[in-house]
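The residues making up each chain are set out below.
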Amino acid sequence: MKNVSCKETASIGGLPPPLHVGGPNIGDRKKFLARVNDILDRRWLSNNGIYVQEFEKKIAEIAGVEHAVVMCNATVALEIAARALDFQGEVIVPSYTFIATAHALQWQGIQPVFADIDPETHNINPDDIRKKITKKTTGIIGVHLWGRGCQVEEIESIAKGKGIRVMYDASHAFGCSMGGKMIGGFGECEVFSFHATKFINSLEGGAVVTNSYELAEKIRLMRNFGFKGYDNVVCPGINGKMNEVCAAMGITSLEAMDGIIKVNRANYEAYRKGLTGIPGVSVIDYDPIEKNNYQYVVIEVDEGACTRSRDELVNFLHAENIIARKYFWPGCHHMEPYRTLQPGIGIGLTATELVAKRVIVLPTGQGISAVQVSSICGLIAKAVSSGR
Ligand code: T4K
């Protein structure tokens, strides 16, 4: 393989722009700007406007669910969903996830109890969930990491009959399916993220999706301070609302969804091809039978077989202005306040510890070309071939 520096290929005016993981996809900007103008003309900027309602309708359609309630971001959506399900005491979550999954609980006085993952799928391990259940357990939040569905049937059978309620953090999994069913309809509810870094973005944004009318109504009230009509507050609530400009961005992004997935898939296949044969480097699989959004290109570095450590490879890429990421290192249990509040809990999280030390996420999306993917693969090959 030809080793081309991304500094050469991506150079603009002599200054190489960094290639980031999480570089946003931008839909048709004329359509977006026309929508923004319309929003300004209408003088309706937030509080369940027509663009929010349209965005919700489209999300529900794609996810195959009855109700979508959009929010200002997925973290607030997780907090509201957890509260709407009356989570208290302890809730079991994987440690190998973005910190928001745990913080959404801790923030409201609920203790996240960290379960280990399956080292193959990177998703929560049902056997460890069983071990972590106590009298205080009120809920489980599974995470569909990288968009690959976690073992919902087993998780729900573990919870059944124990008064334990189940929801999912589907922040990575919009547009993905599992067992032929779209992610969104599992558990009592699921949460999507439409953050700028997600393949579909509303600048900032998230949504709770559910097939329960009662739950959706409860969540809508909580999103808007508990207001039911003018001057009538029926429950405690917060401001979790999405504004109209974010919804307009989300709708515009959805219109580009098929094209974005096509680009993501092409980049993913190109990475797979370009990294084949590099000792100790492997790309995680997506089940071709399922719908996938391919928004994360995740590689694992097996230090026993690779001449470079994961961290050496990341440093090498950063030096070349390729901002690869070590998601979700070191695992939530190593972050505050959890490492202080629950010292020593990493002992049982062996797969989490292992995987967190192996993973590198590589840049993809509309902002990354096939030439740049080839360059990044070339750099990784060069780093490995020049290693110990
Ligand atoms: N649950 C899970 C499993 C999640 O992964 C997330 C979010 C959530 C819950 C919570 O969702 P939100 O409340 O955010 O809706 C980033 C994102 O901020 C975060 O949304 C995402 N997961 C996480 C995986 O990635 P950081 O801490 O890595 O952000 P930052 O700023 O270090 O890195 C973002 C990367 O994207 C950088 O390389 C730069 C690039 N970027 C970012 C923005 C905003 C751009 O190129 N342009 C941009 O506009 O968390």
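Residues numbered from 1 in each chain as written. Predicted model: local features only at pLDDT ≥ 70, side-chain atom pairs only at ≥ 80, totals over all residues. Heavy atoms only, no water.

**So, unusual backbone geometry**
Link 1 in the chain: Cis geometry is found at the peptide bond from Tyr327 to Phe328, where omega equals -10°.
Link 2 in the chain: Mapping Phe328 onto the fold places it in the loop between strand 13 (322–323) and helix 12 (338–341).
Link 3 in the chain: A cis geometry characterises the amide bond from Glu336 onward to Pro337, with omega recorded as 5°.
Link 4 in the chain: Tracing the backbone through its elements, the reader meets Pro337 in the loop between strand 13 and helix 12.
Link 5 in the chain: Located in the positive-phi region is Phe225, a residue other than glycine, with phi close to 60°.
Link 6 in the chain: Mapping Phe225 onto the fold places it in the loop between helix 8 (213–223) and helix 9 (244–255).
Link 7 in the chain: For Phe225, a relative accessible area of 37% corresponds to the partly exposed category.
Link 8 in the chain: Here Asp231, not a glycine, exhibits a phi torsion of approximately 60°, which is positive.
Link 9 in the chain: Along the chain, the position of Asp231 falls in the loop between helix 8 and helix 9.
Link 10 in the chain: Relative accessible area serves as the criterion here: at 75%, Asp231 is assigned to the exposed category. (Helix = DSSP H or I, 4+ residues; strand = E, 2+ residues; numbered from the N terminus. Buried < 20%, exposed > 50% of the residue type's maximum accessible area, 1.4 Å probe, protein only.)

**Some thoughts on the domain arrangement of the protein chain**
Link 1 in the chain: Domain assignment breaks the protein chain into domain 1 (6–22 + 256–324 + 363–386) and domain 2 (29–255).
Link 2 in the chain: On a C-alpha basis, the centres of domain 1 and domain 2 stand 29 Å from each other.
Link 3 in the chain: With 17 residues of domain 1 at the interface, the matching set in domain 2 holds 24 residues.
Link 4 in the chain: Here domain 1 and domain 2 share an interface that buries about 1700 Å² over both sides, 54% of which is from carbon and sulfur atoms.
Link 5 in the chain: Inspection of the region where domain 1 meets domain 2 yields zero salt bridges.
Link 6 in the chain: Scanning the region where domain 1 abuts domain 2 turns up 18 residue pairs in polar contact (both at pLDDT 80 or more).
Link 7 in the chain: Residue assignment for the side of domain 1 that touches domain 2 shows that the elements contributing at least two residues are helix 10 (257–275) and strand 12 (297–301).
Link 8 in the chain: Here the side of domain 1 that touches domain 2 gets four residues from one element, more than from any other, and that element is helix 10.
Link 9 in the chain: Among the residues making up the side of domain 1 that touches domain 2, the classes are represented as eight nonpolar, five polar and four charged. (Domains from an automatic or database assignment. Contact = heavy atoms within 4.5 Å. Buried area = accessible area lost by both parts, 1.4 Å probe. Salt bridge = Lys/Arg side-chain N within 4 Å of Asp/Glu carboxyl O. Polar contact = N/O pair within 3.5 Å; in protein donor to acceptor, adjacent residues only side chain to side chain. Nonpolar A, V, L, I, M, F, W, Y, C, P; charged D, E, K, R; others polar.)

**Regarding helix 7 (residues 152–159)**
In an α-helix, one turn spans 3.6 residues; hence positions three or four apart end up facing the same way.
Link 1 in the chain: Regarding helix 7, the residues found buried are Val152, Ile155, Ile158 and Ala159. The arc enclosing the buried residues of helix 7, seen along the axis, measures out at 130°, which places them on a common side.
Link 2 in the chain: At its buried positions, helix 7 is contacted by helix 6 (126–132), strand 5 (137–143), strand 6 (165–169) and strand 7 (177–178).
Link 3 in the chain: Positioned one or two residues after helix 7, Gly161 has a phi angle of 75°, which is positive. (Arc of directions from axis to C-beta.)

**Regarding the sheet that holds strand 12**
Link 1 in the chain: Ordered by their spatial adjacency, three strands build an open sheet running 11-12-14, and the pairing between neighbours is antiparallel. Edge strands, defined here as strands with exactly one partner in the open sheet, are strand 11 (281–283) and strand 14 (359–362). Across this sheet, the average inter-strand angle for adjacent strands is 30°, counted without regard to direction.
Link 2 in the chain: Pairing of strand 12 with strand 14 involves four bridges; the strand directions are antiparallel. Across the sheet, Val298 pairs through a bridge with Val361, a residue of strand 14. (Pairing = 2+ DSSP bridges. Axes fitted to C-alpha atoms, helices over the stretch in contact; angles between N-to-C directions.)

**Examining the environment of Ser309**
Link 1 in the chain: Of note, Ser309 is situated in the loop between strand 12 and helix 11 (310–319).
Link 2 in the chain: Here Ser309 falls in the buried class, since its relative accessible area comes to 14%.
Link 3 in the chain: Counting along the chain gives 229 residues from Ser309 to Ile80, while the straight-line C-alpha distance between them is 40 Å.
Link 4 in the chain: What Ser309 contacts, discounting residues up to four positions off in sequence, is Val301, Glu303 and Arg388.

**Here's the deal with the sheet that holds strand 3 (residues 90–94)**
Link 1 in the chain: On the basis of which strands lie adjacent, the open sheet formed by seven strands has the order 2-10-9-6-5-3-4 and mixed pairing. Because the sheet does not close on itself, it has two edges, and the strands there are strand 2 (67–71) and strand 4 (111–115). For this sheet the average axis-to-axis angle between neighbouring strands, irrespective of direction, equals 25°.
Link 2 in the chain: Pairing of strand 3 with strand 5 involves three bridges; the strand directions are parallel. When the bridges of strand 5 are listed, Val91 appears paired with Gly139.
Link 3 in the chain: This element, helix 3 (residues 50–63), spans strand 2, strand 9 (189–193) and strand 10 (206–210) of the sheet and lies at about 130° to strand 2.

**Things to note about the site of the ligand**
Link 1 in the chain: The local shell around the ligand holds 24 residues, among which Thr75, Asp169, His172, Ser193 and Tyr327 are the closest.
Link 2 in the chain: In this structure, Ser171 approaches the ligand through a side-chain N or O atom, which is 3.2 Å from a nitrogen atom.
Link 3 in the chain: Measuring from an oxygen atom of the ligand, one finds a side-chain N or O atom of His172 at 2.8 Å.
Link 4 in the chain: Considered on its own, the ligand offers 930 Å² of accessible surface; in the complex 75% of this is hidden by protein.
Link 5 in the chain: A per-class count over the shell around the ligand returns eight nonpolar, 13 polar and three charged.
Link 6 in the chain: Each of domain 1 (6–22 + 256–324 + 363–386) and domain 2 (29–255) gives at least three residues to the shell around the ligand. (Near = heavy atom within 4 Å. Areas by Shrake-Rupley, 256 points an atom, 1.4 Å probe, with all protein chains shown as cover.)

**What to know about the environment of Thr121**
Link 1 in the chain: Structurally, Thr121 is set in the loop between strand 4 and helix 6.
Link 2 in the chain: Taking the C-alpha atoms as reference points, Thr121 and Gln106, separated by 15 residues in sequence, lie 26 Å from one another.

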